[in-house]
Every structure is written in structure tokens, then in C-alpha cells.
Amino acid sequence: MALLIRDGLLIDPARKVSAVLDVFLQGGKVAALGRGLSKRSAFKGLPSMDCRGKWVVPGLIDMHVHLREPGGEDSETIATGALAAARGGFTTVLAMPNTRPPTDNAGLLDDLRARAASAAVNVLFAGAVTLGQQGKRLGRLAAMRKAGAAAFSDDGRPVGDARLMRQALLLSRDLGVPVIAHCEDPELMGNGVMNAGSVAARKGLRGIPTACETVMAERDISLADEAGGLLHIAHASAAATVHALRRAKERGSRVTGEAAPHHWTLCDKDIPGLDPDYKMNPPLRSPRDRDAVKAGLADGAIDAVASDHAPHTRERKALGFEKAPFGIIGLETSLGLAMTELLGRTLSPSALVDRMTAAPARILGLKSKGSLGKGMDADVTVIDPKAAWTVRPPFASKSSNTPFVGMRLKGRAWATIVSGKVVHAL
Ligand SMILES: [Zn+2]
């Protein structure tokens, strides 16, 4: 299978490239790069894609998604989640292990990876840090790594026991994949449903203080500094967490972090009434926290963009703000929200592409992804930076729990190419 992607603006931050170049894909790899390849006789008559006015970037990577299979197939499956990813411009996603049962053993990983083989995009899987994500006993990390686990996480909940977290970080150093921390202090979390503060008080809802996230982030950074492990802080939502990441990096720590589109786009003041499509964990914070997330993405305190795509059925979200589960879908709006909200004032095109490609590839140690140098995987996203569109159903995701319906966005995935094959095109 061969494809010539011609006349697009190639933005490849890992190689510091931003120029109009043709990219030739063959055999699942980037086979050639150059100016005006289409005019050379060797490329005449080959299938080609005219990308004038478009950005050609390494396939986007979302390192934090929930695909709900097994156990939650009424809200999403690996297949439908992968279709949502393709539509959103993502060629690789990392699925979290908080399924039913949780992904905590090599056998289940083998099974999931076999199911994902026919998915529209590359689906990687994280293994659980603790057995059954129960937080009591360390999981079988080495065996899961051997079975292809791309990271370890108890996401959905924290690893409350600092000793277990320390052991996991020590192992992560030897196994070469990160421990992704969902930072939440269980006691401070309590039964909170939204950000603690005046908005929660006005709505009569139980609050979640920012310290709930930050004390655990600080704890995990301390543990990683001592153990030397690979720590990645998931969905940083609070200004203090962003500061903690920044300070850690300034003193040479290897810790990395990610932020989700809703945390830089919205704040608690934006929640209309008691709409459960604005309920997620961590919650929408204050305007100051929202701005700190943007600043963290700008100066690199936060390395990567990750959606925390969390599908839920309409029935479960209809339980109301207090009872509905946390989470919103994000794969189909992540790129648009990044381009609409961050491009220009916060991030240059190259920095934006970095946060969605090279950075997650580096964090996950994906050596053949995140860049389009010769010999790299033929995963490419073609972005129309001028496409203006309105978020509206139907979604490729099986669920539609998002607060962004009706929002006007600028910038969209025009084509998504996985291993040289076009899996989405507008
Ligand atoms: Zn989480």
C-alpha cells in the first residue's frame, strides 16, 4: 500500500520541521520525504492526497482514554472508541485499565490486544498497578509488561498506599514504562461531586478541594524523585498541581504531566444549573486554575494533551449531577478545542502539535511514533486549520456525554491515516 501526501505544511516538532513537504508512505512506514515528490517520475501514477492549505502532522496520540471493554460495552467498545479516535484525528490511544474486570493480568491483556487488532487505530493498553485496582497488593507488572502493557495505572482511583506506589515506581524504572497517577486523596475527595468553592456552595453540591489532587501529586513526585521511577501525572486540573510539576522539572525531576481539553476550556462558573455533562473527575476548577493549565501547556510544565475520554450511557448520566458518574467523552473534540482555545495566544502550531504527538510518544517510549522521519510508522493526521464546525451528534463514540454540543470550533482532522491506510476523511 502506497500513498503520497502532497503539498501540505509538514509540522514535525520532534525534528523541528515546519515546511511544505511531500510525505510518501509505503509498507506501513514513511518511505520518503521531499519537496515536489509528486513531480518526479518515480511517484507518477501513485495514489496521492492533495493537502494544499492543510497541516500534515505525525498521527495524534491520546494517552488517556476509557474504552469500557470489557464490562461497559453499552457505553463504548474498543471498536467504537477507535472510530471516535480516528474521527478526532488520533492514530494511537492508550486505554486505561478500569474496566470490569480491571486489566490486571497478562491473559486479559493478550485478549484485549487481540480484540484491538482489527480496530481503526492503534489501541494500547495500560495494566493495573494493584491487583483488581483494589489498592491492596501490587499487580503483576513485569508479566503485564511482557504481555504488552504500555503503562501502569489504577486510573479512576488513586494508589492510596504510598508504599505500593513506591514499589510500582521502582519497577517502572526497570520495565521502561510510566506509572500514570490519578492524583486524588480519598479522604479529601469524600463524596464530593464538583470543585469546592462558591459555585458549589451556591448550587448546594459537595465540593472537591484542589488539595485533593495536589497533595497526591506532591506525594507521588516525592516518591518518584527518590525511587527514580517514571511518573506521569494524569489530568492536572489545579494551579497548585501545575506549579508542583513546574518546580519538579526545574530541579531535574523526570516527572511528566498531561491536561485535558475541558480543564483549559471551562471552569466551574460555566456549569449551567445541574447539567451532569459538566461532571468529571477531576472537576472543572476556578478560572485561575483553568488559566494555570493553559500556562503549564505553554511553558512545558504540562507535557501532553490527553482527553480522558470517559463515555457513559444517557441513562447513567440522566441520574442527575449528584448521582451520575464522572466523565465526558473527548476524542472527537480534543483537537478542535486545542486549536480553538490554545492556538496563537498560548501555543504555536508546532508546540500544539508537540503536545499531541512527540510528547506522548516520548512519555510512553514509542520510538517509531510521534514523528514523521524516514522509517517511522505511517501514522499521519491531516488537519484543516481553517475548518469551522459545530460540535453536534451523532458521534462515532457510542456515547454523547459532552458539554461541548453546540460549540463552534476552528480546526479539525481532515484525514487520519494509520499504518498507511486512510481510516477517516472529511
Ligand atoms: Zn483519572
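Source: prediction; values computed, not measured.

Undergrad: What should I look at first to understand the overall build of the protein in this one?
TA: Helices and strands together make up the secondary structure of the protein, namely 14 helices and 18 strands. Taking 426 residues into account, the globule formula puts the C-alpha radius of gyration at 22 Å, and the protein, at 21 Å, falls close to it. The principal-axis extent of the C-alpha atoms belonging to the protein is close to 70 × 45 × 45 Å. In the protein, buried positions account for 57% of the 426 residues.

Undergrad: Even after reading the chapter, I still don't get helix α1 (residues 78–88), so can you show me in this structure?
TA: Given 3.6 residues per turn, any residue in an α-helix points the same way as the ones three and four places further on. Of all 11 residues in α1, 10 are buried; the element is thus mostly enclosed. Considered for burial, the residues of α1 that qualify are Ile 78, Thr 80, Gly 81, Ala 82, Leu 83, Ala 84, Ala 85, Ala 86, Arg 87 and Gly 88. Positioned one or two residues after α1, Gly 89 has a phi angle of 95°, which is positive.

Undergrad: When you look at unusual backbone geometry in this model, what are you seeing that I'm missing?
TA: Of all residues except glycine, most have a negative phi; of all peptide bonds, most are trans. At the junction of Asn 281 and Pro 282, the peptide bond is cis and its omega measures out at 0° in the coordinates. Assignment of secondary structure puts Pro 282 in the loop between α9 (261–265) and α10 (287–299). Of the consecutive residues Pro 393 and Pro 394, the connecting peptide bond is found in the cis state with omega at 5°. Take Pro 394: it is sitting in the loop between β16 (380–390) and β17 (408–418). We note that Lys 16 has phi near 55°; this positive angle belongs to a residue other than glycine. Note that Lys 16 resides in the loop between β1 (2–12) and β2 (17–26). The exposure class of Lys 16 is exposed, given the 7 C-beta atoms found within 10 Å. Phi at Asp 308 takes a positive value of approximately 55°, unusual for a residue other than glycine.

Undergrad: Looking at this model, I keep getting lost on the domain arrangement of the protein. Mind explaining?
TA: Interfaces are often sized by the accessible area lost when the parts come together. As far as domains go, the protein holds domain 1 (2–56 + 376–425) and domain 2 (58–364). Each of domain 1 and domain 2 has a C-alpha centre, and these two points are 26 Å apart. Listed by partner, the interface residues are 30 residues for domain 1 and 42 residues for domain 2. Sorting the residues of the side of domain 1 that touches domain 2 by element identifies β1, β16, β17 and β18 (421–425) as the ones contributing at least two each. The biggest single contributor to the side of domain 1 that touches domain 2 is β17, with 7 residues.

Undergrad: Which parts of the structure should I look at to understand the nonpolar core?
TA: Grouped burial of nonpolar side chains is what soluble globular proteins tend to show. Ranked by internal contacts, the top residues of the largest apolar core, which has 124 residues, are Val 23, Leu 94, Ala 95, Val 121, Ala 126 and Ala 149. At 6 residues, the largest contribution of residues to this core is made by α1. Excluding residues within four positions of it along the chain, Val 23 makes contact with Ile 5, Leu 10, Val 30, Leu 33, Val 56, Leu 372 and Val 380.

Undergrad: What's the story with the packing of helix α7 (residues 211–227) against helix α8 (residues 239–250) in this structure? I'm lost.
TA: Axes are the key here: two packed helices are described by the angle between their axes and the distance separating the axes. Where α7 contacts α8, the two axes come as close as 9 Å, and the packing angle between them is 15°. Judged by the inter-axis angle, α7 sits roughly parallel to α8. The handedness of the crossing between α7 and α8 is right-handed. Note on element contacts: α8 touches α7 through Ala 240, Thr 241, Ala 244 and Ala 248, opposite Glu 213, Thr 214, Ala 217, Glu 218 and Ile 221. In terms of residue class, the contact of α7 with α8 is built from 5 nonpolar, 2 polar and 2 charged.

Undergrad: Quick question: what am I supposed to make of the packing of α8 against α10 here?
TA: Where α8 contacts α10, the axes come no closer than 8 Å and their chain directions differ by 25°. Considering the angle they form, α8 stands roughly parallel to α10. Where α8 approaches α10, its residues Ala 239, Val 242, Leu 245 and Arg 246 are matched on the opposing element by Arg 288, Asp 289, Ala 292, Val 293, Ala 295 and Gly 296.

Undergrad: Explain α7 here, please?
TA: The end-to-end C-alpha distance of α7 is 24 Å, a good match for the 24 Å that 17 residues give at a rise of 1.5 Å each. Cys 212, Glu 213, Thr 214, Met 216, Ala 217, Asp 220, Ile 221, Leu 223 and Ala 224 are the residues of α7 that are buried. Elements in contact with the buried residues of α7: α4 (162–175), β10 (179–181), α5 (186–189), β12 (207–208), β13 (231–233) and α8. Residue Gly 228 follows α7 closely and has a positive phi angle near 75°.

Undergrad: What should I look at first to understand the sheet that holds strand β6 (residues 60–65) in this one?
TA: Hydrogen bonding along the main chain pairs the strands of a sheet, whether they run parallel or antiparallel. In spatial order, the strands read β6-β7-β8-β9-β10-β13-β14-β15; together these 8 strands make up an open sheet with parallel pairing. Edge positions in the open sheet fall to β6 and β15 (304–305), since each of these has one partner strand only. Bridge count between strand β14 (residues 256–259) and β15: 2 bridges; the pairing is parallel. Bridging from a neighbouring strand, Glu 258 pairs with Ala 304 of β15. Across the sheet, α4 is in contact with β9 (151–153), β10 and β13; its angle to β10 comes to roughly 140°.

Undergrad: Is there a simple way to explain the pairing of β17 in this structure?
TA: Both faces of the sheet carry side chains from a regular strand, because those side chains alternate between them. Burial analysis of β17 places 8 of its 11 residues in the buried class, the great majority of the element. In this sheet, β18 lies alongside β17 in antiparallel orientation, the contact comprising 4 bridges. Each residue of the ladder has a partner; that of Val 418, found in β18, is Lys 421. A loop of 2 residues connects β17 with β18, the two strands running antiparallel in sequence, and Ser 419 in this loop sits at a positive phi of about 55°.

The rules behind the values
Residues numbered from 1 in each chain as written. Predicted model: local features only at pLDDT ≥ 70, side-chain atom pairs only at ≥ 80, totals over all residues. Helix = DSSP H or I, 4+ residues; strand = E, 2+ residues; numbered from the N terminus. Rg over C-alpha atoms; globule rule 2.2 N^0.38 Å. Buried ≥ 20, exposed ≤ 12 C-beta atoms within 10 Å, placed from the backbone. Domains from an automatic or database assignment. Contact = placed C-beta atoms within 7 Å. Core = buried A, V, L, I, M, F, W, Y, C linked by C-beta atoms within 7 Å. Axes fitted to C-alpha atoms, helices over the stretch in contact; angles between N-to-C directions. Parallel < 35°, antiparallel > 145°, perpendicular 65-115°, else oblique. Left-handed = near helix turned anticlockwise from the far one by under 90°. Nonpolar A, V, L, I, M, F, W, Y, C, P; charged D, E, K, R; others polar. Expected span 1.5 Å × (residues − 1). Pairing = 2+ DSSP bridges.

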